[in-house]
Amino acid sequence: MTDTTTATTTRIAAAAGDLTRHVDSARVLTAGPAYDTAVVVWNGAVHIRPAIVVLCESAADVQAAVRIARAHDLPLSVRGGGHDWAGRALREGGVVVDLTRMRQVTITGQSATAQGGATSLDVLTAAGPHGLVAATGSIGSVGITGLTLGGGYGALAGVVGLAADNLLGADIVMADGRTVHADPTHEPELFWALRGGGGNFGIVTALTIRLHPLQTILAGAIAFSWDQATTVLTGLAEVLRTAPDELTAQTGILTGPDGSPAVFVLPTWSGHPDEGAAVIATITALGSPLIAQIGPMPYATMIASNDALIQNGLCYSIRSRNLDALTPTVIATLVAAGANRTSPASMISLHHFHGAASRVPVTDTAFGLRRDHLMVEIIAAWQSTDDDTAHRAWAADLDAALIPDALPGGYPNLIGPDATDQAARAYGPNTARLLIAKTHFDPDGVFTATTLPTLPTLTA
């Protein structure tokens, strides 16, 4: 054992001892079955072994974990929903501040205050009996905090904006262990950075988000056979270009009922049902659907059903690009990639950004792209027994093929740890201000929840 290894082992043991004096020892995990469970994330390709997992139940627990980890010079990570595809909820040899026991949601008027470990479905379940909904992503098990801090594309973006646009305030444990509250009048610069800048400034132990009255939506799935892919996507380009705010349509290339690739459209209509039926009929008429299952339902029901699209334990690698529109070149690229998928579990998902989300001035929040666009999510998925080379290459090749037609940057919540070229352009005119905020609020770079531009970008 080297001197460095011995010193690290000593620091870890000392940190674990200190933590047990502040947190119940049963919630300070360094080995054993509970530890093994705590370091499993949904992406089976992630195999990270932190030194310590602290199962926090209060902001005081979080403060203790931060202060002790820093006192012993151990790296930190934060696990809320734990849905980051790259596994950044965990840190090799580090201290995981695990918020999964902090999931309480309180409804007050037309707002929800959610603890840092609450999922999107936790919030919707609490809001539903009040006839209210929150801006969420498309998957119910995703943590509402991480989603919101990084932006938060979702099926209601056309009418209520991104999840980040609906953040009203947050309680944050900073890198020195202090707790601060950020909202438009308290720490306004931190509040600005939190809305799209990711969890890179502190640990959000609770956030308050705006809710919206909405009893039911018109939603479901429409699927078209692969021989119709180009025709359907060409027609869909016009539908999306002229879509009213009330229609947000997530589009995908997935495996169809017969095992072949298929084009799926998941429309969500949040306006008057009669108007919605007519609008969605235009999508159905783009081809001869294999499936056309559309009907009224609570928003929470639709979000919960989408969890089946992601299989926990499969291995995943994700890339993303932003596109102005479904041009003929883009469609040809997507169709070629869909036909050449290396796994039936792999998929391509196009997230629709328009309406209210596009009307927010770009400098009002840290989120750097406010024009109408499609965010392409490239999801390579494979069994853990497979050689991952071909699957990862499929995602990388499609990513590269889209670059000539892509807008600069990408979606911060999906930019990988090594994709510094995308991170450098993801925040557009907000880059310099965001990096100044990072330097001010976290000068030692303790928090690395999502990929930020590097400091040289500030002076470039």
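This text follows the structure it describes.
Below: a short report on this structure. (Residues numbered from 1 in each chain as written. Predicted model: local features only at pLDDT ≥ 70, side-chain atom pairs only at ≥ 80, totals over all residues. Heavy atoms only, no water.)

Section: the overall build of the chain
Logical step 1: Tallying secondary structure elements over the chain gives 15 helices and 18 strands in all.
Logical step 2: For the chain, restricting intrachain contacts to residue pairs at least 6 apart in sequence, the fraction spanning at least 24 positions comes to 72%.
Logical step 3: When the accessible surface of the chain is summed, it comes to about 17900 Å², and 55% of that surface belongs to carbon and sulfur atoms.
Logical step 4: Across the chain, the centroid of the 25 positively charged side chains sits 5 Å from that of the 39 negatively charged ones. (Helix = DSSP H or I, 4+ residues; strand = E, 2+ residues; numbered from the N terminus. Contact = heavy atoms within 4.5 Å. Areas by Shrake-Rupley, 256 points an atom, 1.4 Å probe, with all protein chains shown as cover. Lys, Arg positive; Asp, Glu negative; His and termini not counted. Charge placed at Lys NZ, Arg CZ, Asp CG, Glu CD.)

Concerning the sheet that holds strand β17 (residues 347–353)
Logical step 1: The strand order across the open sheet formed by 7 strands is β15-β12-β14-β13-β17-β18-β16, and the pairing between neighbours is antiparallel. Every interior strand has two partners, whereas the edge strands, β15 (289–297) and β16 (315–323), have only one. Put simply, the sheet's adjacent strands are angled 15° from each other on average, direction ignored.
Logical step 2: Note that strand β12 (residues 217–225) and β15 share 8 bridges and pair antiparallel. By the bridge assignment, A223 is partnered in β15 with I291. (Pairing = 2+ DSSP bridges. Axes fitted to C-alpha atoms, helices over the stretch in contact; angles between N-to-C directions.)

Focus on the side chain of D183
Logical step 1: Its location among the elements puts D183 in the loop between β9 (179–182) and α7 (188–194).
Logical step 2: Buried within the structure, D183 lacks any salt-bridge partner; its nearest side chain of opposite charge belongs to R195, at an N-O separation of 9.9 Å.
Logical step 3: There is a polar contact of 2.7 Å between the side chain of D183 and the backbone nitrogen of H186. (Buried < 20%, exposed > 50% of the residue type's maximum accessible area, 1.4 Å probe, protein only. Salt bridge = Lys/Arg side-chain N within 4 Å of Asp/Glu carboxyl O. Polar contact = N/O pair within 3.5 Å; in protein donor to acceptor, adjacent residues only side chain to side chain.)

A closer look at the sheet that holds strand β1 (residues 28–29)
Logical step 1: Strand order in the open sheet formed by 4 strands is β1-β2-β4-β3, with mixed pairing between adjacent strands. Every interior strand has two partners, whereas the edge strands, β1 and β3 (76–79), have only one.
Logical step 2: In this fold helix α3 (residues 59–71) packs onto β2 (52–55), β3 and β4 (95–98), with an angle of close to 155° to the strand it touches most, β3.

Looking at the side chain of R321
Logical step 1: By the secondary structure assignment, R321 is in strand β16.
Logical step 2: At 2.7 Å, the side chain of R321 and the side chain of D399 are in polar contact.
Logical step 3: Aside from chain neighbours lying at most four places away, what touches R321 is L374, M375, V376, D399, L402, I403, A406, G409, D421 and Q422.

Looking at the pairing of strand β8 (residues 167–173)
Logical step 1: Along β8, 5 of the 7 residues are buried, which leaves the element largely enclosed by surrounding structure.
Logical step 2: Taken together, the 6 bridges between β8 and strand β10 (residues 203–210) define a ladder with antiparallel strand orientation. For D171, the partnering residue across the bridge sits in β10 and is A206.
Logical step 3: Sheet topology note: the β8/β9 ladder contains 4 bridges and is antiparallel. Looking at β9, one finds that V173 is bridged to T179.
Logical step 4: Where β8 folds back onto β9 in an antiparallel hairpin, the turn is made up of 5 residues, including G177, whose phi is positive at roughly 90°.

A closer look at the pairing of β4
Logical step 1: Burial of the side chains of β4 extends over both faces: V95 and V97 are buried on one face and V96 and D98 on the other.
Logical step 2: In this structure, β2 lies alongside β4, joined through 4 bridges in parallel fashion. Directly across from I52, in β4, lies its bridge partner V95.
Logical step 3: Relative to β4, β3 runs parallel, the two being bridged by 4 bridges. Among the inter-strand pairings, R79 is bridged to a residue of β4, identified as D98.

Remarks on the nonpolar core
Logical step 1: Counting 79 residues, the largest nonpolar core has I172, L190, L194 and Y299 as its most contacted members.
Logical step 2: The greatest single-element share of this core, amounting to 5 residues, is contributed by α7.
Logical step 3: Contacts of Y299, omitting those with residues within four sequence positions, involve L124, V133, A134, T136, G137, A155, L156 and I217.
Logical step 4: Core analysis: the second largest hydrophobic core is formed by 39 residues, A237, V263, L286 and I331 among them. (Core = buried A, V, L, I, M, F, W, Y, C linked by side-chain atoms within 4.5 Å.)

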